[in-house]
Amino acid sequence: MALRKPTITDVARTAGVSKGLVSFALNDKPGVSPETRKRILDVAGDLGWRPSLSARSLSTKTSFALGLVIRRKAEVISADPFFPAFIAGVESVLTEEGRALVLSVVPDATAEMKSYRTLAGDNRVDGVFLTDLRRNDERFDLLAELALPAVALGRPGPGVEIPSVQVDDTHGIAAAVAHLISLGHRRIGHVAGDPHMMHGGRRRSSFTDAMRDAGLDPSLVIETDFSASQGADATRTLLGAGAPPTAIVFANDPMAIAGLGVAQQLGLHVPDDLSITGFDGTDISGYVYPALTTITSDPVEWGRVAARTLLALIADGSAESVELPPAALLVRASTGPPPPAAP
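K.L.:
Please provide a residue-by-residue account of the packing of aromatic side chains, values included.
P.N.:
A complete count under the given rule lists four aromatic pairs for this structure. Judged by centre distance (6.0 Å) and plane angle (90 degrees), the rings of Phe86 and Phe129 are edge-to-face. One end of the pair, Phe86, is in helix 6 (residues 82–97); the other, Phe129, is in strand 3 (residues 127–130), with 43 residues separating them in the sequence. On the basis of relative accessibility, which here comes to 0%, the residue Phe129 falls in the buried class. Put simply, the rings of Phe82, Phe83, Phe86, Phe129 and Trp302 pair up and form one aromatic cluster. Over the aromatic face of Phe279 sits the side chain of Arg203, whose NZ or CZ is 3.8 Å from the ring centroid.

See the structure below:
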């Protein structure tokens, strides 16, 4: 039989005071002497009393939870280390605040919009994180209609008045291209992410701009859904071309690692025959062979800052946007000069 949780009545009986006085002491309200407050808190600690979240929610009309709705294929989420790291950062803050994260992974736009309506209609969360921002994103209007506080992960489009936590990822892609050019590469391909997602589009645009600025052809680009499987397919397509690239810039680490495997299956040696760069600086990227040159960011810190920003927005009604340090190039063993026969 499960042990009964101690209640305010138990604390009051043991401390020899009224339930009202216990409530005042536990909620740090005035009207309780310091000696009595200390005695009540000591008794509560000895009994193992913890506040009832459901009771607090009823009395404060607060759910003590934040929401994260991710619209991607489940297999993409399971293979991408970014989201677990981001969630770990969020949870590290919420645990200290006695709050929880409500996570929902949905397959399409209809399910995503329904999920937000359910979270708001059932008062399950006090606010949400918006990830994978899109052009003409309909979620902003929906959340305004639902009066649900939100913090965007990334830079929203013009005219969107919600706080955001963002990382400049364009500098990292440009740095990767410049690094490859400095090694002597001229035919450089790009395995891009989802063009409907703003960060996917930004990374592709950054690649195109960097190539054009160097006077090089930026057309060796294949768009994907950010999954490792599509990254592998894109690598095969690029390497099977009549004039394949001598280097490939990938829009995330899972695709780059998949591309590394494809290159080795085709008998290519990295970086002697092909140079590869990733994006995100995931832990696993440092342990593959050869270790992956990548563009680092800190998704755990991104999660921490996003959680603090959303909590401030909920508490105060407003919060400042935060610009995190820009993504930076980390050179490892997967990049080198092009093969001698390459022009």
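K.L.:
Would you mind going over the sheet that holds strand 4 (residues 150–153) in detail, with residue names and values included?
P.N.:
On the basis of which strands lie adjacent, the open sheet formed by six strands has the order 2-1-3-4-5-11 and parallel pairing. The strands lining the two open edges of the sheet, one partner per strand, are strand 2 (100–106) and strand 11 (322–323). Bridge count for strand 1 (residues 65–71) against strand 2 is seven bridges, and the pairing is parallel. Within the sheet, the bridge partner assigned to Ile70 lies in strand 2 and is Val105. Helix 6 rests against strand 1, strand 2, strand 3 and strand 4 of the sheet, and its axis sits at about 155 degrees to strand 2.

K.L.:
Help me get a handle on the sheet that holds strand 9 (residues 275–277), residues and values and all.
P.N.:
Spatially, four strands are ordered 7-6-8-9 in an open sheet, and the strand pairing comes out parallel. One side of each edge strand has no neighbouring strand; the edge strands of this open sheet are strand 7 (221–223) and strand 9. Each adjacent strand pair in this sheet contributes to an overall mean axis angle of 15 degrees, direction not counted. Relative to strand 7, strand 6 (residues 188–192) runs parallel, the two sharing three bridges. Residue Ala192 lies in a different strand from strand 7, and its bridge partner there is Glu223.

Cut-offs and rules
- Residues numbered from 1 in each chain as written.
- Predicted model: local features only at pLDDT ≥ 70, side-chain atom pairs only at ≥ 80, totals over all residues.
- Heavy atoms only, no water.
- Phe/Tyr/Trp six-rings, centres within 6.5 Å; stacked < 30°, edge-to-face > 60°.
- Helix = DSSP H or I, 4+ residues; strand = E, 2+ residues; numbered from the N terminus.
- Buried < 20%, exposed > 50% of the residue type's maximum accessible area, 1.4 Å probe, protein only.
- Lys NZ or Arg CZ within 6 Å of the ring centre and 35° of its normal.
- Pairing = 2+ DSSP bridges.
- Contact = heavy atoms within 4.5 Å.
- Axes fitted to C-alpha atoms, helices over the stretch in contact; angles between N-to-C directions.

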